Amino acid sequence: MSERFFPDTMPPPMADGTSLPWWEAAAEHRLVVQECGACQATRLPPSPVCPDCRSDQFGWREVSGQGEVYTFTRVHRPLGAGQAIPFVIAVIALEGSGGLRMISNVVGIDADAVAIGMRVEVVWEDMSPDLAIPRFRPTDD
Amino acid sequence: MSPARAHIVGVGESAYARWGKIGEVSEHALACQAIQRAVADAGLSMDDVDGLASFAEDRNEAVFLAAELGLPALRFGNMVWMPGGGGGCAAVSNAAMAVETGQAEVVVVYRSLCQGQFYRFGSGGVSADAPAEPPVPSLQQANSLLMASMGFAMPYGLLMAAAAYALPTRRHMHLYGTTSEQLGLLAVTFREHASRNPRAVMGGRPLTLEDHQASPMIADPHRLFDCCLESDGACAVVVTTEERARDLAKRPVEILGSEQGAPRGYAFGPFTNANIPDALYATGGGEEMAGRLWAKTGLSPADVDVAQLYDHFTGCVLMQLEDYGFCERGEAGGFIESGALAWEGGSLPTNTHGGSLSEAYIHGLNHVVEGVRSLRGESTSPVENAEVCLVTSAACVPSSALLLGRK
Ligand SMILES: [Zn+2]
């Protein structure tokens, strides 16, 4: 099991058939984005049809997990027992994703030191043997 | 011949109270009370009502209310499909379309909200108290598109609206140098307006900028006083045709124009969608809608005498000021500092009832009620000779808006 950043009481993700492959890749510690099979435009969260060309053909592209903080907030209210506050929710701009962002957390750093533009990389948190959540931590440079 | 324009002819509400304080009356009874008061305010009887409309998944379904209130027939029942408070003005707009097309003649739009009797928004069913046996974390089945979308927000702890709307607000501060004090001034201004409003839950509680700056951080930049109240209460407005509006009890208010919706690719807005276009991210998402509203009415921001802007969070009000063109993009902070939104001396008196920050949080339908009062000369912070009022419902989610005009 990986390093833990949040308690088990953190709300679990929910998925339907369209988003399930994203979570299956996450369980293998692969961070993926959906890629249109016709025009190669990328998208997140997963959806059945490409909003650009309306093709229903798609695949999954693995990204490096490198990125930068696009915006963030420090949450000062615990959501579950045992959770340290403040914790940081951030929008991460994902490198090599075709311009996509995702919501996640910035961990492994004092909350007050988080800033827009900060370089980060993915760190997987195994919440259980079947559930891995991608968080982000500052890159060492 | 074009159909008659719809008018708002009656408004009403229950008493407003803090979250969880109304327990002796059901949420559903409050809905009936607000509807009856709005109908009486119009000088109509329940026998005249043939339509009901609401939004935000109001738990008090129209079919039951119609039966209980003795409507002769229910000819129009409508629930708006915009998330939460985004549907308030849209519900009024849908009621207007119903009466303008002859689908119904008198439609009451209502919203009743007693979170204390059900669950609290933003909790996601998660308690800060330790559960007896924490379940093993696992992927859950999403029972709706919204929940599948929330699947990309909730595992990161993004449940509270205060945190969700902090994301675009933080970005706005980064891009334009907007400050917490500028946000605080909004809260202070609306609280001052509430001081004259006997309906306002926070009417007797003055607020200074120092109080704002000293209030606890919830999800930065949102401090406690940047967040709207959580309230119990209900309100309602009555919509009918121009012809019917002529001989009723109060001065009718004309619906000059309405808009609802979201820009391309917006989905639920920044709450669950990290990929709304960069140009839209640090906005309320309403700029296109505002453009359509000005175009269809032939009015401009300069024509607006008074505004009732949805104020779930101060940052969302700030971004709406730019969306609707009251100032340039990035300049709302300075616009607020100029005192523009103040009842006393402001060029755009805003939230003259105190808004959701200080009157009550009834998902913003109380902003429509105040919009009507401000054009009737009934507001407790009256704007002399006000002829045009802008009312908005939500921002940073799909939203809606009304331009109201004095007859
Ligand atoms: Zn495509």
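Every chain is numbered on its own, with residues counted from 1 as its sequence reads. Each chain gets a letter, beginning with A, and each ligand a number, beginning with 1, in the order they are written. At least 70 in pLDDT is required for a residue's local features to be given in this predicted model, at least 80 for side-chain atom pairs to be given and counted, and no such filter applies to totals for whole chains, interfaces and linings, which use all residues. Side-chain metrics rest on all non-hydrogen atoms present in the structure, leaving aside hydrogens and water.

## Some details on unusual backbone geometry
1) Next: The peptide bond linking Leu44(A) to Pro45(A) adopts the cis configuration, its omega dihedral lying at -15°.
2) Next: Within the secondary structure, Pro45(A) sits in the loop between strand E3 (42-43) and strand E4 (58-62).
3) Next: Of note, the bond from Asp220(B) into Pro221(B) is cis; its omega dihedral lies within 30 degrees of zero at 10°.
4) Next: The numbering of helices and of strands both runs from the N terminus, where a helix is a DSSP run of H or I of at least 4 residues and a strand a run of E of at least 2. Tracing the backbone shows Pro221(B) in the loop between strand E7 (217-219) and strand E8 (222-223).

## Some thoughts on the confidence of the model for chain B
1) Next: Looking at chain B as a whole, the pLDDT averages 95, with 96% of positions reaching at least 70.
2) Next: Across the predicted assembly, pTM comes out at 0.96 and ipTM at 0.97. Per residue, pLDDT measures the predictor's confidence, with a range of 0 to 100.

## Details of the coordination of the zinc ion
Residues and elements named next belong to chain A.
1) Next: With water excluded from the atoms, a metal site may look incomplete; its donors are any N, O or S atoms within 2.8 Å, or within 3.2 Å for Na, K and Ca. In this structure, Cys36 (SG), Cys39 (SG), Cys50 (SG) and Cys53 (SG) serve as the protein donors to the zinc ion, at separations of 2.3 to 2.4 Å.
2) Next: Key to geometry: four donors with every angle between 85 and 135 degrees are tetrahedral; four donors are square planar and six octahedral where opposite donors lie over 155 degrees apart and all remaining angles lie between 65 and 115; all other sites are irregular. Classification of the site at the zinc ion as tetrahedral follows from its four donor atoms and the range of 99 to 115° in their angles at the metal.
3) Next: When the donors of the zinc ion are listed by position in the chain, the intervening gaps give C-x2-C-x10-C-x2-C. Taken together, the positions of Cys39 in the loop between strand E2 (32-36) and E3 and Cys50 in the loop between E3 and E4 put the pair eleven residues apart, joining distant regions of the chain.
4) Next: Since its relative accessible area comes to 1%, Cys50 is described here as buried. Each residue is placed in one exposure class: buried if its accessible area under a 1.4 Å probe, protein chains only, is under 20% of its type's maximum, exposed if it is over 50%, and partly exposed if it falls in between.

## Considering the environment of Tyr310(B)
Residues and elements named next belong to chain B.
1) Next: Inspection of the secondary structure puts Tyr310 in the loop between strand E11 (306-308) and helix H12 (314-323).
2) Next: A C-alpha to C-alpha distance of 18 Å links Tyr310 and Gly122, two positions 188 residues apart in sequence.
3) Next: Contact partners of Tyr310, with chain neighbours within four places excluded, come to Gly85, Val317, Gln320, Tyr361, His363, Gly364, His367, Thr392, Ser393 and Ala394. Only heavy atoms enter the contact rule, under which two residues are in contact if any of them lie within 4.5 Å.

## Some details on the packing of helix H7 (residues 180-194) of chain B against H12(B)
Residue and element names in this part refer to chain B.
1) Next: In this analysis, axes come from line fits to C-alpha atoms, helices being fitted only over the stretch in contact, and the angle between any two N-to-C directions falls in the range 0 to 180 degrees. Contact geometry for H7 and H12: axes closest at 9 Å, N-to-C directions at 95°. Relative to H12, the element H7 is oriented roughly perpendicular. When H7 is examined against H12, the residues Leu183, Leu186, Ala187 and Phe190 are found in contact with a partner set consisting of Thr314, Gly315, Val317 and Leu318.
2) Next: By residue class, the composition of the contact of H7 with H12 is six nonpolar, two polar and no charged. Here the angle decides the label: under 35 degrees means roughly parallel, over 145 means roughly antiparallel, 65 to 115 means roughly perpendicular, and every other value means oblique. When residues are grouped by polarity, Ala, Val, Leu, Ile, Met, Phe, Trp, Tyr, Cys and Pro land in nonpolar, Asp, Glu, Lys and Arg in charged, and all others, Gly among them, in polar.

## Overview of the environment of Arg43(A)
Residues and elements named next belong to chain A.
1) Next: Here Arg43 lies in strand E3.
2) Next: Through-space distance from the C-alpha of Arg43 to that of Trp60 is 9.8 Å; in sequence the pair is 17 residues apart.
3) Next: Contacts of Arg43, omitting those with residues within four sequence positions, involve Val33, Gln34, Cys36, Pro48, Val49, Cys50, Pro51, Phe58 and Leu100.
4) Next: Of note is the side chain of Arg43, whose polar atom sits 2.7 Å from the backbone oxygen of Ser47. For the purposes of these results, a polar contact is taken to be a pair of N or O atoms within 3.5 Å, where, inside protein, one atom must be able to donate a hydrogen and its partner to accept one; residues adjacent in sequence count only when each atom of the pair is a side-chain atom.

## Overview of helix H15 (residues 365-376) of chain B
Residues and elements named next belong to chain B.
1) Next: By definition here, a helix of n residues has an expected span of 1.5 Å times n minus one. Taking 1.5 Å per residue as the helical rise, H15 with its twelve residues ought to reach 16 Å, and the 17 Å between its terminal C-alpha atoms agrees with that figure.
2) Next: Restricting attention to buried positions, one finds in H15 the residues Leu365, Asn366, His367, Val368, Val369, Glu370, Gly371, Val372, Arg373, Ser374, Leu375 and Arg376.
3) Next: Note on H15: the residue one or two positions beyond its end, Gly377, has a positive phi of about 80°.

## A word on the pairing of strand E4 (residues 76-79) of chain B
All names here are of chain B.
1) Next: Burial along E4 is one-sided: the face carrying Phe76 and Asn78 is buried and the face carrying Gly77 and Met79 is not.
2) Next: By definition, two strands form a pair when at least two bridges between them are found by DSSP. Bridging between strand E3 (residues 51-54) and E4 involves four bridges; their strand directions are parallel. Considered in E4, the bridge of Leu52 is made with Gly77.
3) Next: On the question of chirality, the crossover connecting E3 to the parallel E4 by way of helix H2 (residues 62-68) is right-handed. Throughout, right-handed denotes a crossover for which the path from the first strand over the helix to the second runs clockwise when the strands point away from the viewer.

## Comments concerning helix H11 (residues 287-297) of chain B
The α-helix advances 3.6 residues per turn, and as a result positions three or four apart in sequence lie on the same side.
All names here are of chain B.
1) Next: All of the buried residues in H11 are Met289, Ala290, Leu293, Trp294 and Thr297. Buried residues of H11 fall within an arc of 135° about the axis and therefore sit on the same side.
2) Next: Buried residues along H11 sit in contact with strand E10 (253-261), H12, strand E12 (388-393) and strand E13 (399-406).
3) Next: Taken from the residues just after H11, Gly298 is the one with a positive phi, measuring 70°. Directions drawn from the helix axis to the C-beta atoms are what define this arc.

## Concerning a nonpolar patch on the surface
1) Next: Taken together, the side chains of Val63(B), Phe64(B) and Leu74(B) make up a nonpolar region of the molecular surface, amounting to roughly 290 Å² of accessible area.
2) Next: Overall, the relative accessible area of 52% leaves Phe64(B) in the exposed class. Surface patches are defined over residues having more than 30% relative accessible area and no salt bridge, joining like charges when they lie within 9 Å and nonpolar side chains (Val, Leu, Ile, Met, Phe, Trp, Tyr) when within 5 Å. What sets the accessible areas is the Shrake-Rupley method with a 1.4 Å probe; for residues, cover comes only from the shown protein chains. Any Lys or Arg side-chain nitrogen found within 4 Å of a carboxyl oxygen on Asp or Glu counts as a salt bridge.

## Quick look at the interface of chain A and chain B
1) Next: Of the residues lining the interface, 48 residues belong to chain A; the matching set on chain B comes to 51 residues.
2) Next: For the pair chain A and chain B, the summed buried surface comes to about 4,200 Å²; carbon and sulfur atoms form 65% of the total.
3) Next: Inspection of the region where chain A meets chain B yields two salt bridges.
4) Next: Among the ionic pairs, Arg74(A) bridges to Asp220(B), the shortest N-O distance being 2.5 Å.
5) Next: Here chain A is connected to chain B by 18 residue pairs in polar contact (both at pLDDT 80 or more).
6) Next: Looking at the side of chain A that touches chain B, the elements with two or more residues in it are strand E1 (14-15), helix H1 (20-27), strand E5 (66-75), strand E6 (87-94), strand E7 (101-106), strand E8 (119-128) and strand E9 (131-138) of chain A.
7) Next: Here the element with the most residues in the side of chain A that touches chain B is E5(A); it accounts for six residues. Accessible-area loss on putting two parts together, using a 1.4 Å probe and summing over both, is the definition of buried area adopted here.

## Re the sheet that holds E2(A)
Adjacent strands of a sheet form backbone hydrogen bonds with each other and so pair up, either parallel or antiparallel.
Residue and element names in this part refer to chain A.
1) Next: Strand order in the open sheet formed by three strands is E3-E2-E4, and the pairing between neighbours is antiparallel. Since the sheet does not close on itself, it has two edges, and those belong to E3 and E4, each with one partner.
2) Next: Here E2 runs beside E3; their pairing, made up of two bridges, is antiparallel. The residue bridging Gln34 from the neighbouring strand is Arg43, located in E3.

## A few points about the side chain of Thr241(B)
Residues and elements named next belong to chain B.
1) Next: The topology assignment puts Thr241 in strand E9 (residues 231-241).
2) Next: A distance of 3.1 Å separates a polar side-chain atom of Thr241 from the backbone nitrogen of Arg244.
3) Next: Setting aside its immediate chain neighbours within four residues, Thr241 contacts Arg5, His7, Val99 and Glu105.

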